[in-house]
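# Secondary and tertiary structure notes
Here is how the chains run, residue by residue.
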Amino acid sequence: MIVFVFRADDRQTREERLREAALLAGYGKKADGSPAAPGADLWESDIWRIARTKRGKPYFPGQPGLHFSISHSGSFWVCVFSGQAVGIDIQKHVRRKGESARAAACRLGRMAERFFHPAEAEWVLEESYERFFRIWTAKESFVKYTGEGIDTNFGNFCLVPEEWKTGKYSPAEQESLSWEAEGVRFYSRRLLGGYTLCVCSQETEMSVEIRWPEKISDNYKEKRDKIDR
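Residues numbered from 1 in each chain as written. Predicted model: local features only at pLDDT ≥ 70, side-chain atom pairs only at ≥ 80, totals over all residues. Heavy atoms only, no water.

### So, the sheet that holds strand 8 (residues 184-191)
Sheet architecture is open: four strands sit in the order 6-9-8-7, paired in antiparallel fashion. Whereas interior strands pair on both sides, the edge strands pair on one side only; in this sheet they are strand 6 (86-92) and strand 7 (176-181). Here the strands of the sheet are splayed against their neighbours by 15 degrees on average, with no regard to which way each runs. By the bridge criterion, seven bridges tie strand 8 to strand 9 (residues 195-201) in an arrangement that is antiparallel. By the bridge assignment, R185 is partnered in strand 9 with S201. (Pairing = 2+ DSSP bridges. Helix = DSSP H or I, 4+ residues; strand = E, 2+ residues; numbered from the N terminus. Axes fitted to C-alpha atoms, helices over the stretch in contact; angles between N-to-C directions.)

As structure tokens, this is what we get:
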């Protein structure tokens, strides 16, 4: 599974970024439906036209076997591709102007109590700031995976595993981690600059590769790595 990270100010449209990322990843089919290597002949192809389901989930009508999800926050715009349903979310850790770390943690704790499952909120309140973004991105990636989107049921499901609740394992300080909940798998990763990213998929052996396309500034080109979980 490949995650592409673009600069949000690269002056490309959503469609252009998706098309570029899909071709860089080697996706694309010929007119007869047979596989085709990425190349200039596919760049302007209608196979990258985007449509949406009734609930708003985007998809490629011309590529029925290719699933994708997109998200953006702060300076970054991200997308992920998979051979099955997938969801992604990225969030920048933002404090309000003049807000202290403690005040930010209290504010996020109140949000967790309002929007999260009670067990999630309880876990977040033990260490509000970092844990809030772990759970928020996981929940957003999950509803993108299902195609339901954020609605009044956002607090009806719990993505905190039992071992986290019992204190046997605290992932808040981890750079990256993966876990299972609600019958799917999650991969969560911190990104430089104060961001949390999460991918949701049914893949039991989730291998996530993060790519920073060449159009990204030189400060980020070298920040590529591959982590298997």
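### As for the environment of R114
Along the chain, R114 falls in helix 3 (residues 101-115). Using a relative accessible area of 67% as the deciding quantity, one classes R114 as exposed. Through-space distance from the C-alpha of R114 to that of G155 is 8.3 Å; in sequence the pair is 41 residues apart. (Buried < 20%, exposed > 50% of the residue type's maximum accessible area, 1.4 Å probe, protein only.)

### Focus on the pattern of salt bridges
It is possible for side chains bearing opposite charge to pair when their charged atoms get close. Evaluated as defined, the whole model comprises 11 salt bridges. With its nearest N and O atoms 3.1 Å apart, the salt bridge here joins R190 to E130. In this pair, R190 sits in strand 8 while E130 sits in helix 5 (residues 128-146), placing the two residues 60 residues apart along the sequence. A residue is classified by how much of its surface remains accessible, and R190, at 24% relative accessible area, is partly exposed. Exposure remark for E130: the relative accessible area of 13% places this residue in the buried category. Salt-bridge contacts for E209 lead to R211; the nearest nitrogen and oxygen are separated by 2.9 Å. (Salt bridge = Lys/Arg side-chain N within 4 Å of Asp/Glu carboxyl O.)

### Quick look at the packing of aromatic side chains
Within the structure shown, the criterion is met by 18 aromatic pairs. Plain terms: the ring middles of F68 and F81 are 6.5 Å apart, the flat faces sit at 45 degrees to each other, and that makes the pair tilted. Of this pair, F68 sits in strand 4 (residues 67-73) while F81 sits in strand 5 (residues 76-82); the two residues are 13 residues apart in sequence, bridging distant segments of the chain. Each of the two residues, F68 as well as F81, counts as buried. In textbook terms, an aromatic cluster arises when at least three aromatic residues are bridged by ring pairs, as seen for W123, F142, Y145, F157, W164, W179 and F186. The cationic tip of R95 hangs over the ring face of Y129; the distance from NZ or CZ to the ring centre is 5.8 Å. Directly above the ring of F157 sits K139, whose terminal nitrogen or CZ lies 3.8 Å from the centroid. (Phe/Tyr/Trp six-rings, centres within 6.5 Å; stacked < 30°, edge-to-face > 60°. Lys NZ or Arg CZ within 6 Å of the ring centre and 35° of its normal.)

### Focus: helix 4 (residues 118-125)
Of all the positions in helix 4, only A119, E120, A121, W123 and V124 are classed as buried. Packing partners of the buried residues in helix 4 comprise helix 3, helix 5 and helix 6 (162-165). (Contact = heavy atoms within 4.5 Å.)

### Focus on the confidence of the model for the chain
Here the chain averages 80 in pLDDT, and 81% of its residues register 70 or above. Highest mean pLDDT in the chain belongs to strand 6 (95); lowest belongs to strand 11 (residues 225-228) (37). Contacts from residues 216-229, a stretch scored under 50 in pLDDT, to residues over four places away or in other chains number 34 contacts. (pLDDT = per-residue confidence, 0-100.)

### Observations regarding the pairing of strand 8
Counting buried positions over the eight residues of strand 8 gives seven, a clear majority of the element. In this sheet, strand 8 lies alongside strand 7 in antiparallel orientation, the contact comprising six bridges. Within the sheet, the bridge partner assigned to A181 lies in strand 8 and is V184. Hairpin connection of strand 7 to strand 8: two residues between the antiparallel strands, including E182 at a positive phi of 55 degrees. Adjacent in sequence and paired antiparallel, strand 8 and strand 9 are bridged by three residues, among which G193 carries a positive phi angle near 90 degrees.

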